[in-house]
Amino acid sequence: MKVNQAEIVISAASKKQYPTEPIPELALAGRSNVGKSSFINKMIQRKALARTSSKPGKTRILNFYKINEQFHFVDVPGYGYAKVSKTEREKWGKMMEEYFSQREQLQAVLLITDIRHAPTKDDVMMYDFLKAFELPVIVVATKLDKIPKNKKDTYLKRTRTTLNIEATDDLIAFSAETGEGKDKAWKLIEAYL
């Protein structure tokens, strides 16, 4: 897909703030600092539409990015970041559960993981959580440029096995540095639009 237009529409903390347009949405979920913003920026060929940070836990609300007037990427708060109060985590949890369980525009979720490491307990919980709501999931294993090329298949197999990815879901290796995996990601995303 050629992206000609991309803009942040709203940062929303509750359902009443979500955009009302009936266009498809694809949510991005993943641990804090796993590369969700870098994934968005690479996919839309913009350097800094989605803000990246070296400090994990910066996204605390749902950020809606409108792409080509056709659909929204929705960046949800990262999970697994310890320096957040229990109250704050519970608030995020409720907000995310509400979004994932009730949002009619939501077509699929891109679960962003780090290919260098086995998925964490939090990643497994998130995958199982999404499957409990019967949501299609595309697992995107980022930071591909940081591993030896000959380890790619081994690391992907580890991700598939650890998450116990269902046959109906996809897994792709991705690099925000080199763009490897971008075309495949667009092909999978377009199937939901």
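These numbers come from a predicted model, not from an experiment. (Residues numbered from 1 in each chain as written. Predicted model: local features only at pLDDT ≥ 70, side-chain atom pairs only at ≥ 80, totals over all residues. Heavy atoms only, no water.)

*Asks:* What's the story with the packing of aromatic side chains in this structure? I'm lost.
*Replies:* Where two aromatic rings form a pair, the distance of their centres and the angle of their planes describe that pair. By the definition in use, this model includes 11 aromatic pairs. Here a set of aromatic residues connected by ring pairs shows up, and it is made of Y18, F64, Y99, F100, F129 and F133. Across from the ring centre of Y155, 4.6 Å away, lies the NZ or CZ of R158, which sits over that ring. (Phe/Tyr/Trp six-rings, centres within 6.5 Å; stacked < 30°, edge-to-face > 60°. Lys NZ or Arg CZ within 6 Å of the ring centre and 35° of its normal.)

*Asks:* Just checking my understanding: could you explain helix α2 (residues 86-102) for this structure?
*Replies:* For an α-helix, the turn length of 3.6 residues means that residues three or four places apart are oriented alike. Helix length check: α2, at 17 residues, gives a terminal C-alpha distance of 24 Å against a target of 24 Å (1.5 Å per residue), a fit within 8%. Buried within α2 are the following residues: E88, W92, M95, M96, Y99 and F100. Buried residues in α2, looked at end-on, bunch into an arc of 125°, giving them a common side. Away from its buried face, by an angle of more than 90 degrees, α2 presents the exposed residues K86, T87 and K94. The inward-facing, buried residues of α2 contact β1 (6-12), β2 (25-30), β3 (62-67), β4 (71-75), β5 (106-114) and α3 (121-132). (Helix = DSSP H or I, 4+ residues; strand = E, 2+ residues; numbered from the N terminus. Expected span 1.5 Å × (residues − 1). Buried < 20%, exposed > 50% of the residue type's maximum accessible area, 1.4 Å probe, protein only. Arc of directions from axis to C-beta. Contact = heavy atoms within 4.5 Å.)

*Asks:* Explain the nonpolar core to me, please; I cannot follow it from the model alone.
*Replies:* It is characteristic of soluble globular proteins that their nonpolar side chains tend to be buried jointly. Formed by 32 residues in total, the largest nonpolar core has its most connected members in Y99, F100 and L111. Every element with two or more residues in this core is listed here: β2, β3, α2, β5, α3, β6 (137-142), α4 (152-163) and β7 (170-173). The greatest single-element share of this core, amounting to four residues, is contributed by α2. Not counting residues within four places of it along the chain, the set of residues in contact with L111 comprises A29, G30, Y79, D123, M126, Y127, V137, I138, V139, V140 and L163. Of all hydrophobic cores here, the second largest spans 24 residues; its members include V34, I138, I172 and F174. (Core = buried A, V, L, I, M, F, W, Y, C linked by side-chain atoms within 4.5 Å.)

*Asks:* For this particular structure, what's the right way to read the pattern of salt bridges?
*Replies:* Between side chains of opposite charge, pairing is possible as soon as their charged atoms come close. This structure, assessed with the given rule, holds 10 salt bridges. A salt bridge links D114 to R116; its shortest N-O distance comes to 2.7 Å. Judged by its relative accessible area of 5%, D114 is buried. Residue K152 pairs with E180 through a salt bridge whose shortest N-O separation is 3.5 Å. In this pair, K152 is assigned in helix α4 and E180 in the loop between β7 and α5 (182-190), connecting sequence segments 28 residues apart. (Salt bridge = Lys/Arg side-chain N within 4 Å of Asp/Glu carboxyl O.)

*Asks:* Honestly, the side chain of D123 in this entry has me stumped. Any pointers?
*Replies:* Here D123 is to be found in helix α3. Within the structure, the side chain of D123 is placed 2.6 Å from the side chain of Y79, a separation counted as a polar contact. Those residues in contact with D123 that lie beyond four places of it in its chain are R31, Y79, L111, T113 and L163. (Polar contact = N/O pair within 3.5 Å; in protein donor to acceptor, adjacent residues only side chain to side chain.)

*Asks:* What is the right way to read the pairing of β4 from this model?
*Replies:* In regular strands, side chains alternate between the two faces of the sheet. For β4, the buried fraction is high: five of the five residues fall into the buried class. Covered by surrounding structure in β4 are F71, F73 and D75 together with H72 and V74, the residues of both alternating faces. In terms of strand pairing, β2 meets β4 through four bridges, oriented parallel. When the sheet's bridge partners are listed, L26 is paired in β4 with F73. Relative to β4, β3 is paired through five bridges, and the arrangement is antiparallel. Paired with N63 across the strands is D75, a residue of β4. (Pairing = 2+ DSSP bridges.)

No statement about biological role is implied by the geometric values presented.
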